[in-house]
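Results of the structural survey
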Amino acid sequence: MKRFAASALAALMLLTVFASAAMAENNTTSVVSTVEIRGPVYNGTSLTDILTNTAYGNGTTITMDANKFAAFYYDIDDNVTTESLSIKNVVGTSGRTIGEDGLIYTTTIGQSEYKNKDVGWGNYSVIGFFADKYIPLKPNDASKLAKLVLDSDTKYTLRTGETLDLGSGYSLQAKQVDVDGKKVWLEFDKDGQYVDDQIVSTDTGNHTWTCEVDNVQGEDNVPVLKVHVNQVFQGTVDSIAQIDALWLIDYANAIKINTSDKFGKLDDVAINGPTITIKNKNTFSLTRDSDKEIGQGLYFRVADSDALRFYAFKQQATPGTYDIRGTVVSGTQPYTWTSDNFAGFFYDLNKNVGTETLSVSGISGRTIPENGLNYSTTIKSVDYEASDAFNGTYPVLGFFAQKYVPLKPNDASKIAKLVLDSDDKYTMRTGETLDLGSGYSLQAKQVDVDGKKVWLEFDKDGQYVDDQIVSTDTGNHTWTCEVDNVQGEDNVPVLKVHVNQVFQGTVDSIAQIKGLWLIDYANAMKINTSDKFGKLDDVAINGPTITIDNKNTFSLTRDSDQEIGQGMYFKVADSDELRYYPYVQQIIGNETTIPSNATSTNNTSVTPAPVANITETPSVNASTPTETSVTKTPAAANTTATEKKTPGFEIATAIFGLLLVAYIIRKNR
């Protein structure tokens, strides 16, 4: 009996260990430090060529609104857009130059429903301002604004004395919960300081507390917080209040916009009731190979090419989960998304290279028929970031909005994620290790200044992979590390390192690297025709091209997030009209990647919780440099969310469990 009990315990512990390991693997998410959200791509010989091209606009003007530019605020359920950015063919516009008053940003107050539509709050006024979501302090005056912090229909339970962190320094405390009287006494605080309090009854009235504050940018009786208390009840120990709707604005940091204000290159401000219009008083040049600020964190990125090619983008750094979406489609017409109109797809602006397409056709009602949903991607070639160091190009393949490198240039069936493609400079002393991301590292074993050489070692998860002595005196100063048996392929280039120079510092010999390229060969994958990717399960591989269709019908269910495959989704509006768009998610900080119908503020899923810590990649494992040059850690490759796993914890648990079981069995013998 004792042996049986011990055996059962052993089995249970093993199951627990493996279940924990599986859960840890399934919950691995991609985290980045910034997210770039871009608009449509414009391409022509000059601005005049682009502006007169009716494929882009009306022949005189091109306009980006929220339907095209994913950074702009958009409410898909109510089809509410407030912002637009236009370029007009005015006097002075030619070549790469936008004439005076030819660049126009406009935003107008709209109406949006509260997230919880069942509590009877109706609509509230909203306005996008340079791709952030704001609330006007007065419904028809766009000059005084506060950021929306929270609009949630999630349920929260509060016991007496508990505090709910609402974000941005705001909190809500349950002072007392009276179950018999069906009431709760709530206190609203900012940075731990009292703002207001209210006793909310769930027996009469609308169960809602609307907190109003005076002297917000000179305005009184401004609604800043709305709380709906669903019920109060007696738990096993405590009295509990349940909240099922919250709405909050950052009134403490409200802003006032004046006609004398300047926003980057946009400096001619006009405010007309609910509308703000801002133009450029001076000419605006789309300089080759540049990021040109428009205003308030909005930029144009311009290609390094003879042709004029550019797009608008917004760089986000606030922790959260961001939807990177494609053009919004209304109705049942066929439509195709490419890298030009879906910001999630891989795109190389300089080379004008995109590899992916997603198309829908034959929609009836809300149903996409069999083979009516098609995803396709084809290998293309792009330049290395360190094009001066690494000659030629390398093959690339976007695969469900992630950037991959095929192991063979014309075979799309075996691919590995691109970890790094950098032309930044890094300095390394003897013994120093450079963290490349995803468990890969580069160590300077020795630096020989006299011989103008450096001995480098390439490791994966701390284990030796290969090493090389690189000379800066002869040859191309480059080490291309090739690995065998990567998904059955030999001589696969997995790492490129260009050593710019070696020199003597004040204390140490130093090697300077300027050019790094790396693929995650250890996690390379093989795609088979029998594979399934979400709802896409009819796979065809034809040399450099992968095509995947749906064998079964696909329903665009109202008010839903429908997975297409591999983390790519359709978001479908809660409306009688069919309205939807494709999207992928990027995460800044420790957020969940699982799509939900939780609130979106500035395209960011928000849940009241402690502020997430931004994950940082550790720098070179060595003492602080004494040289004037800064030692840096390589950033993740563009458009690739680098996954870094921490191995070992599940194994340690398993070993401990096995030792414990062995001890129990031995003891019971």
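Residues numbered from 1 in each chain as written. Predicted model: local features only at pLDDT ≥ 70, side-chain atom pairs only at ≥ 80, totals over all residues. Heavy atoms only, no water.

1. With respect to the overall build of the chain
Worth spelling out the cut-off: For helices the rule is a DSSP run of H or I covering at least 4 residues; for strands it is a run of E covering at least 2, with both sets numbered from the N terminus onward. Each residue gets one of three labels from its accessible area relative to the maximum for its type: buried under 20%, exposed over 50%, partly exposed in between, using a 1.4 Å probe on protein chains only. The contact rule is simple, with two residues in contact once any of their heavy atoms fall within 4.5 Å. Each accessible area is a Shrake-Rupley result for a 1.4 Å probe, and residues are judged covered by the shown protein chains and nothing else.
For the chain, the helix and strand inventory stands at three helices and 55 strands. When burial is assessed residue by residue, the chain has 51% of its 669 residues classed as buried. In the chain, of all internal contacts separated by at least 6 residues, the share reaching a separation of at least 24 is 55%. Only carbon and sulfur atoms are counted for the fraction: they give 45% of the accessible area of the chain, which is about 29800 Å².

2. Let's talk about the nonpolar core
As a rule of thumb, soluble globular proteins bury nonpolar side chains together. Under the convention used in this document: Residues belong to a common nonpolar core when they are buried Ala, Val, Leu, Ile, Met, Phe, Trp, Tyr or Cys residues joined through side-chain atoms within 4.5 Å.
Phe129, Phe300, Phe310, Phe399, Met568, Phe570 and Tyr580 are the most contacted members of the largest nonpolar core, which has 86 residues in total. Counting 45 residues, the second-largest nonpolar core is a separate cluster that includes Ala386, Leu420, Tyr440 and Phe458.

3. Looking at the pattern of salt bridges
Where charged atoms from two side chains of opposite charge come close, those side chains can pair. This is how the line gets drawn: Note on definitions: salt bridges are taken to be side-chain nitrogens of Lys or Arg within 4 Å of carboxyl oxygens of Asp or Glu.
Scanning all chains against the criterion turns up 24 salt bridges. In this structure, Arg429 and Glu432 form a salt bridge, with 3.8 Å as the shortest nitrogen-oxygen distance. A single salt-bridge network, built from bridges that share partners, covers Asp77, Glu113, Lys117, Arg558, Asp574 and Asp576.

4. Quick word on the pairing of strand β20 (residues 239–249)
Regular strands place their side chains on alternate faces of the sheet. Condition: Any two strands between which DSSP finds at least two bridges are classified as paired.
Taken across its 11 residues, β20 has 11 buried, putting it largely inside the fold. In this sheet, β20 lies alongside strand β13 (residues 156–159) in antiparallel orientation, the contact comprising four bridges. Bridging across to β20, Thr157 finds its partner in Gln242. Here strand β19 (residues 222–234) pairs with β20 via nine bridges, running antiparallel.

5. Re the sheet that holds strand β3 (residues 61–65)
Counted only if it meets this: Between N-to-C directions, angles cover 0 to 180 degrees, with each direction set by a line fitted to C-alpha atoms, over the stretch in contact for helices.
Overall, antiparallel pairing links the five strands, which are arranged β3-β6-β8-β23-β22 in an open sheet. Of all strands in the sheet, those with a lone pairing partner are β3 and β22 (268–272), marking the two edges. Taking each pair of neighbouring strands and ignoring which way they run, the sheet shows an average axis angle of 15 degrees. As defined by bridge partners, β3 adjoins strand β6 (residues 83–88) across five bridges and the pair is classed as antiparallel. Following the sheet pairing, Asp65 is matched in β6 by Ser84.

6. Topic: the packing of aromatic side chains
Which entries qualify depends on this criterion: Stacked, tilted and edge-to-face are the three classes assigned to paired rings of Phe, Tyr and Trp, where Trp is represented by its six-membered ring and a pair needs centres within 6.5 Å; plane angles under 30 degrees give stacked, over 60 edge-to-face, the rest tilted. For a Lys NZ or an Arg CZ to count as sitting over a ring, it must be within 6 Å of the ring centre and within 35 degrees of the ring normal.
With the rule as written, the count across this model stands at 43 aromatic pairs. Between Phe342 and Phe345, the ring centres sit 4.5 Å apart and the planes meet at 55 degrees, which makes this aromatic pair tilted. By relative accessible area, which is 0% here, Phe342 ends up buried. The class for Phe345 is buried, based on a relative accessible area of 1%. Members of the aromatic cluster, connected to one another through ring pairs, are Phe69, Phe72, Tyr105, Phe129, Phe130, Tyr134 and Phe263. A cation sits over an aromatic face here: Lys265 above Phe284, 5.3 Å from the ring centre.

7. Quick look at the sheet that holds strand β33 (residues 356–360)
Within a sheet, each strand pairs with its neighbour through backbone hydrogen bonds, oriented either parallel or antiparallel. Pairing in this open sheet of five strands is antiparallel, and the strands run β30-β33-β35-β49-β48 from one edge to the other. Looking at strand neighbours, the two that pair on one side only are β30 (335–337) and β48 (538–542), the edges of this open sheet. Taken pair by pair, the neighbouring strands of this sheet meet at an average axis angle of 15 degrees, ignoring direction. As judged from the three bridges shared by β30 and β33, these two strands associate in the antiparallel manner.

8. Points about the side chain of Ser560
Condition: Whenever a nitrogen or oxygen atom comes within 3.5 Å of another N or O atom, the pair is scored as a polar contact, on the condition that within protein one atom can donate a hydrogen and the other can accept it, and that pairs from neighbouring residues in sequence are kept only if both atoms are in side chains.
For Ser560, the location among the structural elements is in strand β51 (residues 560–565). Residue class for Ser560 comes out buried when judged on its relative accessible area of 11%. Of the polar contacts made by the side chain of Ser560, one reaches the backbone oxygen of Thr557; its length is 2.5 Å.

9. A few points about unusual backbone geometry
With phi around 55 degrees, Asn352 is a residue other than glycine that occupies positive phi space. Relative to the helices and strands, Asn352 resides in the loop between β31 (347–348) and β32 (353–354). With a phi close to 50 degrees, Gln487 is a non-glycine residue in the positive phi region. Tracing the chain through its elements places Gln487 in the loop between β44 (478–483) and β45 (492–504). When its relative accessible area of 33% is taken as the criterion, Gln487 is described as partly exposed.

10. Some points on the pairing of β45
Where β44 and β45 come together, six bridges link them in antiparallel fashion. Bridge pairing in β45 links Glu482 to Pro493. With eight bridges connecting them, β45 and strand β46 (residues 509–519) associate as antiparallel partners. Bridged to Val502 within β46 is Ala511.

11. Points about the confidence of the model for the chain
The test is simple: Values of pLDDT, ranging from 0 to 100, describe the predictor's confidence in every residue of the model.
Residues at a pLDDT of 70 or more form 83% of the chain, whose mean pLDDT is 86. Every residue in residues 591–669 is under pLDDT 50, and counting partners more than four places away or in other chains gives 162 contacts.

12. A word on the side chain of Arg579
Its place among the elements puts Arg579 in strand β53 (residues 579–588). Within polar-contact distance, the side chain of Arg579 engages the backbone oxygen of Ile76 at 2.8 Å. For Arg579, the side chain forms a polar contact with the side chain of Ser575, separated by 3.5 Å. Ignoring anything within four residues of it in the chain, the contact list for Arg579 reads Tyr74, Ile76, Asp77, Asp78, Asn79, Val328, Val329, Ser330, Lys571, Val572 and Ala573.

13. Examining the environment of Gly39
Within the secondary structure, Gly39 sits in the loop between β1 (35–38) and β2 (42–44). A relative accessible area of 3% means that Gly39 is categorised as buried. Taking the C-alpha atoms as reference, Gly39 lies 7.4 Å from Met64; in sequence the two are 25 residues apart. When residues no more than four places from it in sequence are discounted, the contact partners of Gly39 are Lys68, Phe69, Tyr311, Ala312 and Asp340.

14. Quick notes on the environment of Trp247
Take Trp247: it is sitting in strand β20. In this structure, the C-alpha to C-alpha distance between Trp247 and Val224, residues 23 residues apart in sequence, is 7.9 Å. Aside from chain neighbours lying at most four places away, what touches Trp247 is Tyr114, Trp121, Tyr124, Ile135, Leu148, Leu150, Asp151, Pro223, Val224, Leu225 and Lys226.

15. Details of the environment of Gly295
Tracing the backbone shows Gly295 in strand β25 (residues 290–295). As a C-alpha pair, Gly295 and Asp267 span 28 residues in sequence and 9.1 Å in three-dimensional space. Among all residues touching Gly295, those that are not within four sequence positions of it are Phe130, Phe263 and Gly264.

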